Amino acid sequence: MERFSENRLFEGIDAEVLKKITPKIGVLRMQPGDIIFREGDPGDSLYLVGEGCVKISRPALTGEHEIIGYVDPGNFFGVTALLAGEPRSATAVAAAPALIGAVKEKTFQQILELAPSRVHMNFLRAVTDRMRRVNAQFMRETVRAERLRVAGALANAMIQDLKNPVCIARCCSDLIASESTDPQLRELSKMLTETVNSILGMTLDLLDYTRGSVSVNKRPVSIWRLLDELNRCSLHLLPAKKIDFVKHIRYQGNIEVDLGRFARALGNVIDNSIHAMPAAGAITFTSDLVHHEVVLRLSDTGVGISSEMLPRLYEPFEPGEHSHRAGTGLAIAKAIVEAHDGKISIASVPGKGTTVDVRLPEPVAE
């Protein structure tokens, strides 16, 4: 109850008054993913966060849920529906192990009777703070939408402008490969073709992402074939950066992926790891089969990411914590993984490193 008595709702309220109120607060212990209330449920209570964190979300036009925000310890939520006497307009889910206090309407009425001026002032402060947060989020979304529109137009123009140079580069590369008998020259010609194709592929990824639809052409690909593609795209850069690449291949079977796009998605992750280890380090690649999911993990020994930054990692054009780079790499990687019916998650410890976990459905046995 000490956790709840320190809540923002009770700021400035006399201790004697709190002694009368706190015994009437219902105590809920929630685990991550536990639902506190759903959209459409009766708005008959407000809730206090004593420990943990609560995620508030609502349905988006796409049919999925968009996150409105997070409620931290010492704050409260669920007020609007209670005051309006209307059903919930959002869903509240525990984002971490949480201690929640439930204040029923009758108890809330008693609080208002015992300390009306303080409760009203606390409400006004909380509402003002949330209005500022909503306004800031609206501005971020507006800027994000405009940036995506500009990025889409730029990607489309780049593709049109690249067509002729790409065709010329390919023709020159093919001519060198067909006319030359020098193995080294033929290898350089192959690298030129692959680099040109990669540039075009990355531009197409950006264009599809800005359109909100990433299409994939999935085929069975072995883990070793994926590593060969990663080596061609990204891993060959590691020795020059004094970064070791360690493999733990516990699953060697196939995955159903669009090889080019999926390798570029993992390449974006590797690129972030490289920037997180400016003075050498190691990247560990692990493959496992867990509960009918193929789990691919990329772990680095870099600077790590703070817990405050983690929720914003997939936001396009958000600058990194230890870098001024602001791009779309992880946002595109997430879109590509999800287009494969997969999931991506990131865990990090500041000063120790970051792990990116990609899970794909296990291929159906023929």
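Above this text is the structure in question.
Described below are features of the structure shown in this document.

Spatially, 10-12-13-15-14 is the arrangement adopted by the 5 strands of the open sheet, whose pairing is mixed. Since the sheet does not close on itself, it has two edges, and those belong to strand 10 (243-249) and strand 14 (343-349), each with one partner. The average angle at which neighbouring strand axes cross in this sheet is 15°, direction not considered. Where strand 14 and strand 15 (residues 353-361) come together, 7 bridges link them in antiparallel fashion. Bridged to Lys343 within strand 15 is Arg359. Packing against the sheet, helix 8 (residues 259-275) makes contact with strand 10, strand 12 (281-290), strand 13 (293-300) and strand 15, and its axis sits at approximately 25° to strand 13.

Inside soluble globular proteins, nonpolar side chains tend to come together where they are buried. Among the nonpolar cores identified, the biggest contains 36 residues, and Leu226, Ile255, Phe262, Leu296 and Val358 are the most heavily contacted of them. With residues near it in sequence (within four places) discarded, Leu226 still touches Val221, Ile255, Leu259, Phe262, Ala263, Leu266 and Leu296. Core analysis: the second largest hydrophobic core is formed by 21 residues, Leu9, Leu18, Ile25 and Val119 among them.

This next bit is on the packing of aromatic side chains. Applying the stated criterion across every chain yields a total of 4 aromatic pairs. Taking the centre distance of 5.7 Å and the plane angle of 35° together, the rings of Phe37 and Tyr47 count as tilted. A residue pair is termed long-range when its members are at least 10 positions apart, and Phe37 in strand 2 (residues 35-37) and Tyr47 in strand 3 (residues 45-51) qualify at 10 residues. The exposure class of Tyr47 is buried, given its relative accessible area of 9%. Taken together, a centroid distance of 5.4 Å and an interplanar angle of 20° make the contact between Tyr47 and Phe77 stacked.

Burial in helix 7 (residues 223-233) covers these residues: Ile223, Leu226, Leu227, Glu229 and Leu230. Down the axis, helix 7 shows its buried residues gathered within 160° of arc, on one side only. Buried residues belonging to helix 7 abut strand 9 (219-222), strand 10, strand 11 (254-257), helix 8, strand 12 and strand 13.

Here we take up the pattern of salt bridges. Opposite charge on two side chains permits them to pair, given that their charged atoms come into close proximity. With the rule as written, the count across this model stands at 11 salt bridges. A salt bridge links Glu229 to Arg225; the nearest nitrogen and oxygen atoms lie 3.5 Å apart. Placement of both Glu229 and Arg225 in helix 7 is noted, with a separation of 4 residues, approximately one turn of the helix. Among the residues examined, Arg225 registers a relative accessible area of 39% and is labelled partly exposed. Here Lys334 makes a salt bridge to Glu338, at a shortest N to O gap of 2.6 Å. In this pair, Lys334 and Glu338 are both assigned in helix 9 (residues 329-339), 4 residues apart and thus about one turn of the helix distant. Overlapping salt bridges, with partners in common, bring together Arg250, Asp288, Glu293, Arg297, Lys343, Asp357 and Arg359 in one network.

This brings us to the environment of Asp34. Inspection of the secondary structure assignment puts Asp34 in the loop between strand 1 (26-30) and strand 2. Asp34 sits in the partly exposed class, given a relative accessible area of 29%. C-alpha separation for the pair Asp34 and Ala95, spaced 61 residues apart in sequence, amounts to 8.2 Å. With residues up to four places along the chain from it excluded, the contact list for Asp34 reads Ala92, Val93 and Ala94. A distance of 2.7 Å separates a polar atom in the side chain of Asp34 from the backbone nitrogen of Gln31.

Reading the values: rules and limits
- Counting starts from 1 at the beginning of each chain's written sequence and moves along it residue by residue.
- For this predicted model, a pLDDT threshold of at least 70 governs which residues receive local features, and a threshold of 80 or more governs which side-chain atom pairs are given and counted, while totals over whole chains, interfaces and linings are taken from all residues.
- Computation of side-chain values covers all heavy atoms of the structure but excludes hydrogens and water.
- A pair of strands is labelled paired if DSSP reports no fewer than 2 bridges between them.
- Secondary structure counts use DSSP, requiring at least four H or I residues in a row for a helix and at least two E residues in a row for a strand, with both numbered from the N terminus.
- To obtain an axis, a line is fitted to C-alpha atoms, over the contacting stretch when the element is a helix, and the angle between two such axes runs from 0 to 180 degrees between their N-to-C directions.
- Any two residues having at least one pair of non-hydrogen atoms within 4.5 Å are treated as being in contact.
- What makes a nonpolar core is a set of buried Ala, Val, Leu, Ile, Met, Phe, Trp, Tyr and Cys residues whose side-chain atoms join them at distances within 4.5 Å.
- Between buried and exposed lies partly exposed: a residue is buried under 20% and exposed over 50% of the maximum accessible area for its type, with that area taken using a 1.4 Å probe on protein chains only.
- Ring geometry is summarised as follows: Phe, Tyr and Trp rings, the Trp one being its six-membered ring, pair when their centres sit within 6.5 Å, and such pairs are stacked at plane angles under 30 degrees, edge-to-face over 60 and tilted between the two.
- Arc, as used here, means the arc of the directions from the helix axis to the C-beta atoms.
- Salt bridges are counted wherever a side-chain nitrogen of Lys or Arg sits within 4 Å of a carboxyl oxygen of Asp or Glu.
- Each polar contact in these results corresponds to two N or O atoms within 3.5 Å; when the atoms are within protein, one needs to be able to donate a hydrogen and the other to accept it, and residues that are neighboring in sequence are counted only if both atoms are side-chain atoms.

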